[in-house]
Amino acid sequence: MIFKTLAGKTSFVGHRLPQTFLFLLFLGSLGFGALFFLPETSRLKRIFQHNSDNSAVITDSMNGQSAQPSSPIGAAQFDIGVLRIQSQLSSSNGKQTNNNKESSQGTVSMEHTSEGDAADNKVHTRGVVVSSRARSPVRVKLRNCMLKPPYLANYGKPSDPESLQRREKVKEMMKFAWDNYKRYAWGENELRPLSRNGNDGRTFGGLRGASIVDSLDTLYIMGLGEEYQEAKEWVENNLNLNVGGEASLFEVNIRYVGGLLSAYYLTGEEVFKRKVVELGRNLLPAFNTPTGIPHGVVILAGDSRRSSGGDLGRSSVLAEFGTLHLEFVHLSELTNDPIYTEKVMNIRKHLNQLDKPRGLYPNALNPVSGNWEQHYVSIGALGDSFYEYLIKSYLMSDRTDEVAKRMYYAALEAIENNLVQRSPGGLIYVAEWRGGILDHRMSHLACFSGGMIGIGAEHGSPETRQHQLDLAANITHTCHESYRRTPTKLGPEVFRFDDGAEASAPRVNERHYILRPEVVESYMYMWRLTHDPKYREWGWEALEALERHCRLATGYSGIIDVYGHIIQHDNLQQSFFLAETLKYLYLLFSDDDLLPLKDWVFNTEAHPLPVIPRNCSQERGHRPNWTH
Ligand code: DMJ
C-alpha cells in the first residue's frame, strides 16, 4: 500500500504510472527528503461439476461417514488439481491405511492433487484417493501444514437471504469485470474500459497479465470455475517471467508473488508454485545494496539482471521495502531455502535498531547509508503497508514472531501519541507528520488502518484491547463519513480536516476515486470482529455507488471527482479492484468460515496466505529466529 496514488500507481522513484494524477516531489528545506504528490466450456463445466462432487466426498469423510464410490472423481481431480482426501501412509511401513476418518496414525490428511503427483500411483478406495508413493518429508509437511481444504462455491454461504443476494451481486460484478477484461484487454495488465483496450504501464517491468494473476484467488473463492480455469491456463502458457524491464519490487511482490502464492495455497496447482519460485529468484538482486535494504526497482531478467534506481543512493520507501515480509517468508517455506526470510529479517533488524523520531518511522531511507532521508511520516501513501505487515507477520507466524509484535505495538503507540486527532466535529482521524508539523489530511489509502488496528486489538495487552477496537471503529466510521458526505457516496483520494473541512476534499486534485479497496477492507475486518450489521450496510452502500457511477457497458472505471454531478471516468479498471475491492465485498457478505482470520492473513493486495503453524516450520528446520 504504498504510493497508492492515482491510477496504476506511481512510485517514489517514478515507476508507478498514474494516468491522470499529479505526483509532486518536494524537497523540503528543513532537511526533509522527498515528500510527494497529490496525489471450453462444457469440458470445464464437467470438471467443476466434479469439483462439487468432490466436496461431498470430503464432507462425508470428515464426518466419519462412508465416502462415496470412487469412479471418475479421481481422474477429474487430477485434471484440475483440486483437493482430495488422502489417507495417510503409515510412515513406518509404507502401507496404506484405511479410508475412514482416522488413519493408523490417527489423522486424515487433506491434500491437493497436482502435476507433481503425476508419477504417483493412485489407489481409489471408496472414493478416497490414496497415493502409494512415499513423499519427501518436506513435501508432506508443507502440504499437511499449509494447503487447505478447497474453497468451493458454498463456502461462507450466508444463511440470511439478504446477505446471500448481496454476495451473489458481488459475484456478478466480478464476472462482469472479468468478462470485459477478457474481451478487450486479455493478457494486458489492466482494462481501459472507455477506449476498450489494455493498459500496460511499466510498473511491472514487462510482466503482463496483472489482472489475471491478481484475480486468480478471487475467481476461485467465488466459485467462478470457468474463469479460474482460463486464468490458470493463461498463467501456465503465457506468463513469461523472462522480461527485462524495470519493475517495482513492491508491486511485483504484492500482486504477482502474492497472487501466485495464494493461488497455490488455495488450489495446490504446481504451476503456481513453479512460477512464484522462479519469480522470487528474479527479485533477489534488488537486495544487493550495502545495507541490504532493497532498491525500489529491479530488472527482472536478462543479462543485466540487477537492481536499479540508486547505486548513488536514491531513497528506498518504507512501505515498499517494508511490504515484503509475508511473501518472502512463504517463499522460504515453499523452497525450503532460508534466503528469502534472511533478506526480510535483515530489513527488520535494520529498522529495529535505527533511532526513530518520537518513535515514528519516516517514509524514506537511504539504502546506501542506511539512514532516514527525511522526517515525513504517514500511514497512508509511502508508509501504510509497512505497519500492516508488522502485525500480519506476527499473526502469520502463528503468533511466535515477538519482534514483529513489539515493533507493531510500539509503532501504534507512537502513531496514537503523535498522529491521531479528533476533528472539531468529533471525527477521529490519523494525520500526517512533516518534521513535527501535522498535516491534517488523511488519504483513502490510510483507511486500511481501521481493519489493521482491529485485527491487532485482541493480541495487544488486555488493557488496551477495547481501546484499540474503539480506535479501529472510529477510524472506520470517519472513512465511511468521507464517502457519506459526497453526492456520489464514494470517497475522495484525500480528505482533510483543516480550513473548515471535515472529512471532505476541498482541493480539486484530491477528489478522484480509483476503485480503491481500503474502506471496504476495513468494513470487512470490522464486520468479522464485531458482527455489527452497520458494516454490511456500509459495504452495500459502497457497492450501490460503484454500480451507479463506476460501471460502464465495458467494465468498471474510476471517477475523476466524487463531488461532481456529471461523472467523468478515468478509463482504468485497476487490477486491485478484482483482487481486493470485490474480494473484500464478497467476504463481507459471506459467513466467517470463508478464509477464517485465524487461518489466513491477507497480503496488502488481499491475497490470502496461510498462517504457518508453529510446529511446521520448526520441524522443517529453518524457522527464523524471531527474537533478535
Ligand atoms: C493496492 O495495490 C494495495 O492495497 C496496495 O497496498 C496499495 N494500493 C492498492 C489499492 O489502493
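Values in this document were obtained by computation on a predicted structure and should not be read as measured data.

A. Seen up close, the UniProt feature "active site" (unreviewed entry) in the protein chain. UniProt's feature table lists "active site" (unreviewed entry) at Glu251, Asp384, Glu493 and Glu518, given in the numbering used throughout. Relative to the helices and strands, Asp384 resides in helix α12 (residues 384-396). On the basis of relative accessible area, Asp384 is assigned to the buried category, the value being 0%. Summarising the element assignment, Glu493 is placed in the loop between α15 (462-484) and β20 (494-496).

B. Representation of the environment of Glu458 in the model. Tracing the backbone shows Glu458 in the loop between α14 (448-457) and α15. Looking at Glu458, the relative accessible area reads 45%, which means it is partly exposed. Separated by 11 residues in the primary sequence, Glu458 and Leu469 have C-alpha atoms spaced 8.1 Å apart. Setting aside chain neighbours within four positions, we find Glu458 in contact with Arg465 and Leu529.

C. Local environment of the pattern of salt bridges. Inspection of the entire model under this criterion finds 34 salt bridges. Across the salt bridge formed by Arg255 and Glu190, the nearest N and O atoms sit 3.6 Å from each other. Linking Arg255 in helix α7 (residues 249-267) with Glu190 in strand β7 (residues 190-192), this pair joins segments that are 65 residues apart in sequence. When sorted by exposure, Arg255 lands in the same class as Glu190, which is buried. The salt bridge partner of Asp337 is Arg281, with a shortest N-O separation of 2.8 Å. Of this pair, Asp337 sits in the loop between α10 (325-335) and α11 (339-353) while Arg281 is found in helix α8 (residues 270-283), placing the two residues 56 residues apart along the sequence. Overall, the relative accessible area of 40% leaves Arg281 in the partly exposed class.

D. The arrangement of the packing of aromatic side chains in detail. Under the definition given, this model contains 23 aromatic pairs. Ring centres 4.9 Å apart and planes at 50 degrees place the aromatic pair Tyr556 and Phe577 in the tilted group. Here Phe577 lies in helix α18 (residues 575-588) and Tyr556 lies in strand β22 (residues 555-556), a separation of 21 residues in the sequence. One exposure class covers both Tyr556 and Phe577, and it is buried. Within the aromatic cluster, the residues linked to one another by ring pairs are Tyr361, Trp372, Phe386 and Tyr387. Across the ring face of Phe176, the terminal group of Arg551 is positioned such that the distance to the ring centre comes to 3.8 Å.

Rules used throughout
Residues numbered from 1 in each chain as written. Predicted model: local features only at pLDDT ≥ 70, side-chain atom pairs only at ≥ 80, totals over all residues. Heavy atoms only, no water. UniProt positions renumbered as here; feature names shortened; annotations may be inferred. Helix = DSSP H or I, 4+ residues; strand = E, 2+ residues; numbered from the N terminus. Buried < 20%, exposed > 50% of the residue type's maximum accessible area, 1.4 Å probe, protein only. Contact = heavy atoms within 4.5 Å. Salt bridge = Lys/Arg side-chain N within 4 Å of Asp/Glu carboxyl O. Phe/Tyr/Trp six-rings, centres within 6.5 Å; stacked < 30°, edge-to-face > 60°. Lys NZ or Arg CZ within 6 Å of the ring centre and 35° of its normal.

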